[in-house]
Number of protein chains: 2
Amino acid sequence: MAAAVEEFGERGYEGATIRSIAERAGVDSALVHHYFGTKADLFAEAAGMPLRPDVAVPAILAGPRDEVGARVVRFVLESFERDEVRRRGVMLLRAAVGGKLGAPVLVGFLSRELLSRIAAHLDVADGELRASLAASQIGGLLMTRYVLRLGVLADAPIDELVARIGPTVQRYLFE
Amino acid sequence: MAAAVEEFGERGYEGATIRSIAERAGVDSALVHHYFGTKADLFAEAAGMPLRPDVAVPAILAGPRDEVGARVVRFVLESFERDEVRRRGVMLLRAAVGGKLGAPVLVGFLSRELLSRIAAHLDVADGELRASLAASQIGGLLMTRYVLRLGVLADAPIDELVARIGPTVQRYLFE
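For every chain, the first residue of its written sequence is number 1, and the numbers climb from 1 along that sequence. Written order decides the labels, with chains lettered from A and ligands numbered from 1. Thresholds applied to this predicted model are a pLDDT of at least 70 for local features of residues and 80 or more for the giving and counting of side-chain atom pairs; totals over whole chains, interfaces and linings are not thresholded and use all residues. For side-chain calculations, the full set of non-hydrogen atoms in the structure is used, while hydrogens and water are omitted.

- With an unreviewed UniProt entry as reference, chain A is termed TetR/AcrR family transcriptional regulator, source organism Leucobacter triazinivorans.

Observations regarding the UniProt feature "domain: HTH tetR-type" (unreviewed entry) in chain A
Consideration 1: As recorded in UniProt, the sites labelled "domain: HTH tetR-type" (unreviewed entry) are residues 1-54 of chain A.
Consideration 2: The span residues 1-54 of chain A carries 76% helix and 0% strand; its end-to-end C-alpha distance comes to 20 Å. UniProt positions are given in the numbering used here, feature names are shortened, and annotations may be inferred rather than shown by experiment. Numbered from the N terminus, helices here are DSSP runs of H or I no shorter than four residues, and strands are runs of E no shorter than two.

Description of the packing of helix H11 (residues 158-174) of chain A against helix H9 (residues 127-147) of chain B
Consideration 1: Between N-to-C directions, angles span 0 to 180 degrees; the directions come from axes that are lines fitted to C-alpha atoms, helices contributing only their stretch in contact. The contact between H11(A) and H9(B) brings their axes to 12 Å, and the two run at 35 degrees. For the element pair H11(A) and H9(B), the recorded crossing hand is right-handed. Two secondary-structure elements touch here, H11(A) through Glu160(A), Leu161(A), Arg164(A), Ile165(A), Thr168(A) and Tyr172(A) and H9(B) through Leu129(B), Arg130(B), Leu133(B) and Gln137(B).
Consideration 2: Taken together, the residues of the contact of H11(A) with H9(B) break down into five nonpolar, two polar and three charged. If you view the pair so one helix is near and one far, a crossing is left-handed when the near helix is turned anticlockwise from the far one by less than a right angle, and right-handed when it is turned clockwise. Note on contacts: a residue pair qualifies if any of its non-hydrogen atoms lie within 4.5 Å across the two residues. For this classification, Asp, Glu, Lys and Arg are treated as charged, while Ala, Val, Leu, Ile, Met, Phe, Trp, Tyr, Cys and Pro are nonpolar and the rest, including Gly, are polar.

Observations concerning the environment of Thr144(A)
Consideration 1: Among the secondary structure elements, Thr144(A) is positioned in helix H9 (residues 127-147).
Consideration 2: Residue Thr144(A) is classed as buried on the basis of its relative accessible area of 5%.
Consideration 3: Measuring from C-alpha to C-alpha, the distance between Thr144(A) and Ala154(A) comes to 7.2 Å, with 10 residues separating the pair along the chain.
Consideration 4: In contact with Thr144(A), not counting residues within four places along its chain, are Arg149(A), Leu150(A), Leu153(A), Ala135(B) and Ser136(B). Exposure classes here rest on a 1.4 Å probe applied to the protein chains alone. A residue is buried below 20% of its type maximum, exposed above 50%, and partly exposed in between.

Below, the structure is given as structure tokens:
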């Protein structure tokens with residue numbers, strides 16, 4: 001894990017490989033795969049990610065296309081209502097934006113494992129922009145509700161936010 | 001200015017007054033008004049705010065209702081394209097979210113001087129929630145485009161982003 005943190009920090013998400021991490025740790029890369037899974041799994045554990053948007057969102061996209069936006073918003077909000085997820089999520093958001101943690105590494109992970117996958121699913125010329133726009137709204141929601149705790153938005157019921165923000169994400173992705 | 005920073009830090013935006021700041025500085029409050037304007041003006045200067053959403057957005061809202069969303073998005077993006085605004089804006093966003101600066105003070109300012117004014121203009125029961133939702137999208141846009149520099153969103157032309165995000169802000173505010 002220490003080797004992973006160092007490799008991601010030095011080479012970025014794209015540049016680091018399971019092989020290079022294994023070499024740094026002085027073990028076989030099969031062993032790293034066996035204990036930690038894919039590079040995305042290893043990164044998520046090293047970064048202390050409390051949930052896996054790279055796993056959950058493609059699963060949501062694979063479901064019925066109607067209300068994908070609402071289902072994404074509900075997934076994120078219901079996850080963040082759990083104390084442990086919220087605590088670690090807020091920490092990660094603060095670190096990424098505050099510049100303490102390597103924001104570029106997290107951005108590299110999100111681009112490669114989340115936005116590119118959404119774009120591939122959408123299969124349109126502007127798929128990556130669509131995915132980024134959805135990310136900007138979800139990120140802004142998490143920042144204002146859980147990090148800044150902005151007034152009424154911090155206390156609004158999940159159903160209300162799903163009804164208001166779901167159509168935005170749906171439009172960014174599909175319309 | 002030092003007295004203002006201390007007062008805002010200790011009492012928050014709502015709690016601090018021009019009078020209490022003047023007292024701390026050992027001057028008459030009329031003098032503070034004369035040199036620094038309103039409490040909002042003083043705060044904006046103390047916090048190093050590179051633009052004044054509390055002045056600009058109500059002005060935009062006072063214009064034709066059609067495309068208010070597009071005009072807000074364009075105002076924010078065109079402002080942030082200016083080097084000095086972007087540099088100071090990114091610094092302020094990092095500090096607010098990273099927790100270095102008192103995020104609650106900035107949130108107090110935004111709630112009182114921006115969101116409440118938008119809500120008063122909208123004059124509907126859920127006006128404050130509508131204003132906060134718009135803020136979540138604008139904030140998320142600034143974070144992803146200028147702080148995290150998320151892929152294609154960082155390089156998209158302003159017109160393209162106005163066309164995609166303007167309708168979101170319009171819908172949150174009016175529909």
